[in-house]
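Results of the structural survey
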Amino acid sequence: MQRKDAKQFDQKVLDLYDDYAHGRLNRREYVSRLAAFAVGGLTVEALMANLSPNYAWAQQVKPDDARIKTETATYASPQGAGEMKGLLARPAEGTKFPAVLVIHENRGLNPYIEDVTRRLATEGFLAFAPDALTPLGGYPGNDDEGRAMQAKRDRDEMTQDFIAAAKFLDTHELSTGKVGTVGFCFGGGMVNQLAVQIPDVIDAAVPFYGSQPDASDVAKIDAPLLIHNAELDRRILAGAPAFEQALKQNNKPFEAFVYPGVNHGFHNDTTPRYDKDAATLAWQRTIAFFKKNLV
């Protein structure tokens, strides 16, 4: 199956998928509402298949790519779930690297986020992507189950797990001690929280369409931010002006980009919401930002 383009769908269909992917609709409600768009011989099942992630599309860097080395790493999260695991990737050559913490969406460490982690390693970074589903057995192999599993975890405990991951990178023997973080959706919101909660660890932060912290917490941020949002993502954009105004009032360095005509999840190349031009530009900006602030 080839990935379809977002423009091939009614925007209301993409909005329904967004609601389902974020738990605002259960599966029964999602299927029921999609039925209104199953016309002209297109079944609901086919429509769902076209909207669902296909991880074959996400692999830009193979796990055995000779440019990098990867391993499953374990770290302690004493204030969180205890022992956590994640994917650690680094360049094949070298001994010390600036580090980037990669924070997944609301469904665990899936193949898309693993590939993003490997992409960072090819750019010269020590990249680490924890799996918030570790205490539940890890990412189960599909996003629907992963999303249900992550919903069972306590949000504050997960925050502590990612704080511990950032500190793990900060002191890792292969790390220069410069730590950036990038995250997507749930992960974008977590990036913002880490910038607030551990400003002594985070040296650069890149939230992709992430929920914003409280304006009263913005003064705690020390790291420069690079904010990526989507024009059609009304939910996240609703909080953007207040966040950016608070950043300005507190003289915090940041850049914010809204990519025109694209949906929430435009960087995720496993669904039709992916937009190649916007994703490529946002990633180029992200790598340049990390190299400026971490190298």
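Residues numbered from 1 in each chain as written. Predicted model: local features only at pLDDT ≥ 70, side-chain atom pairs only at ≥ 80, totals over all residues. Heavy atoms only, no water.

What follows deals with the overall build of the protein chain. Counting its secondary structure elements, the protein chain contains 10 helices and eight strands. For the protein chain, whose C-alpha radius of gyration is 19 Å, the value lies close to the compact-globule estimate of 19 Å for 295 residues. In terms of overall dimensions, the protein chain has a C-alpha envelope of 60 × 45 × 35 Å along the principal axes. Each of the 295 residues in the protein chain was classed as buried or not, and the buried ones make up 54%. In the protein chain, once contacts between residues fewer than 6 apart in sequence are set aside, the share between residues at least 24 apart is 69%. Carbon together with sulfur atoms contributes 47% to the accessible area of the protein chain, which is approximately 12900 Å² in total. One finds the centroid of the 33 positive side-chain charges in the protein chain at a distance of 2 Å from the centroid of its 38 negative side-chain charges. (Helix = DSSP H or I, 4+ residues; strand = E, 2+ residues; numbered from the N terminus. Rg over C-alpha atoms; globule rule 2.2 N^0.38 Å. Buried < 20%, exposed > 50% of the residue type's maximum accessible area, 1.4 Å probe, protein only. Contact = heavy atoms within 4.5 Å. Areas by Shrake-Rupley, 256 points an atom, 1.4 Å probe, with all protein chains shown as cover. Lys, Arg positive; Asp, Glu negative; His and termini not counted. Charge placed at Lys NZ, Arg CZ, Asp CG, Glu CD.)

The next subject is the UniProt feature "domain: Dienelactone hydrolase" (unreviewed entry) in the protein chain. UniProt feature "domain: Dienelactone hydrolase" (unreviewed entry): in the numbering of this structure it lies at residues 84–292. For residues 84–292, the helix share is 38%, the strand share is 23%, and the end-to-end C-alpha distance is 30 Å. (UniProt positions renumbered as here; feature names shortened; annotations may be inferred.)

Time to look at the pairing of strand E1 (residues 68–77). Successive residues of a regular strand alternate their side chains across the two faces of the sheet. Relative to strand E2 (residues 82–91), E1 runs antiparallel, the two being bridged by 10 bridges. For Tyr-75, the partnering residue across the bridge sits in E2 and is Met-84. (Pairing = 2+ DSSP bridges.)

Here the structure, examined in full by the defined rule, presents 15 aromatic pairs. Relative to Tyr-209, the ring of Phe-208 has its centre 5.8 Å away and its plane inclined at 75 degrees; by these criteria the two rings are edge-to-face. For the pair shown, Phe-208 and Tyr-209 are each scored as buried. Residue placement shows Arg-147 over the ring face of Tyr-20; its charged tip is 4.8 Å from the ring centre. Here the basic side chain of Arg-285 rests over the ring of Phe-257, its NZ or CZ set 3.7 Å away from the ring centre. (Phe/Tyr/Trp six-rings, centres within 6.5 Å; stacked < 30°, edge-to-face > 60°. Lys NZ or Arg CZ within 6 Å of the ring centre and 35° of its normal.)

Right, let's talk about the pattern of salt bridges for a bit. Applying the stated criterion across every chain, the model contains 15 salt bridges. Across the salt bridge formed by Arg-153 and Asp-161, the nearest N and O atoms sit 2.8 Å from each other. On the basis of relative accessible area, Arg-153 is assigned to the buried category, the value being 8%. On the basis of relative accessible area, Asp-161 is assigned to the buried category, the value being 1%. Beyond isolated ion pairs, a larger network of salt bridges with shared partners links Asp-18, Asp-19, Arg-24 and Arg-273. (Salt bridge = Lys/Arg side-chain N within 4 Å of Asp/Glu carboxyl O.)

Core analysis: the largest hydrophobic core is formed by 39 residues, its most contacted members being Leu-101, Ile-103, Phe-128, Leu-169, Leu-194 and Ile-202. It is helix H6 (residues 155–170) that provides the largest number of residues to this core, a total of eight residues. Beyond its immediate chain neighbours, meaning those up to four positions away, Ile-103 contacts Phe-162, Thr-181, Val-182, Gly-183, Phe-184, Phe-186, Gly-187, Met-190, Val-191 and Leu-194. (Core = buried A, V, L, I, M, F, W, Y, C linked by side-chain atoms within 4.5 Å.)

The subject of this paragraph is the side chain of Asn-110. Relative to the assigned elements, Asn-110 resides in the loop between strand E3 (97–103) and helix H4 (111–122). Classification of Asn-110 by relative accessible area gives buried; the value is 0%. Not counting the four nearest positions on each side in its chain, Asn-110 is found in contact with Tyr-55, Glu-105, Tyr-139 and Asp-143.

The next point concerns helix H5 (residues 143–151). Restricting attention to buried positions, one finds in H5 the residues Asp-143, Gly-146, Arg-147, Met-149 and Gln-150. Each buried residue of H5 sits inside an arc of 165 degrees when the element is viewed along its axis, so together they form one side. In the core, the buried residues of H5 are packed alongside helix H1 (11–21), H6 and helix H7 (186–197). With a side-chain oxygen positioned 3.3 Å from the backbone nitrogen of Asp-144, the residue opening H5 is Asn-142. (Arc of directions from axis to C-beta. Polar contact = N/O pair within 3.5 Å; in protein donor to acceptor, adjacent residues only side chain to side chain.)

A few words on the sheet that holds strand E6 (residues 202–208). Ordered by their spatial adjacency, eight strands build an open sheet running E1-E2-E4-E3-E5-E6-E7-E8, and the pairing between neighbours is mixed. Strands at the two margins of the open sheet, each flanked by one partner only, are E1 and strand E8 (254–259). Neighbouring strand axes in the sheet, compared pairwise and without regard to direction, differ in orientation by 20 degrees on average. Across the sheet, H4 touches E1, E2, E3, strand E4 (126–130) and strand E5 (175–184), and the angle it forms with E2 is around 45 degrees. (Axes fitted to C-alpha atoms, helices over the stretch in contact; angles between N-to-C directions.)

A few words now on the environment of Lys-248. Tracing the backbone shows Lys-248 in helix H9 (residues 240–249). Along the backbone, Lys-248 and Val-218 are 30 residues apart, and their C-alpha atoms lie at a distance of 9.7 Å.

Another aspect to go through is unusual backbone geometry. The general pattern is negative phi for most residues beyond glycine and trans for most peptide bonds. The phi angle at Tyr-209 is positive, at roughly 35 degrees, despite the residue not being glycine. Looking at the secondary structure, you find Tyr-209 in the loop between E6 and strand E7 (225–230). Despite not being glycine, Asn-251 has its phi angle at roughly 55 degrees, a positive value. Along the chain, Asn-251 falls in the loop between H9 and E8.

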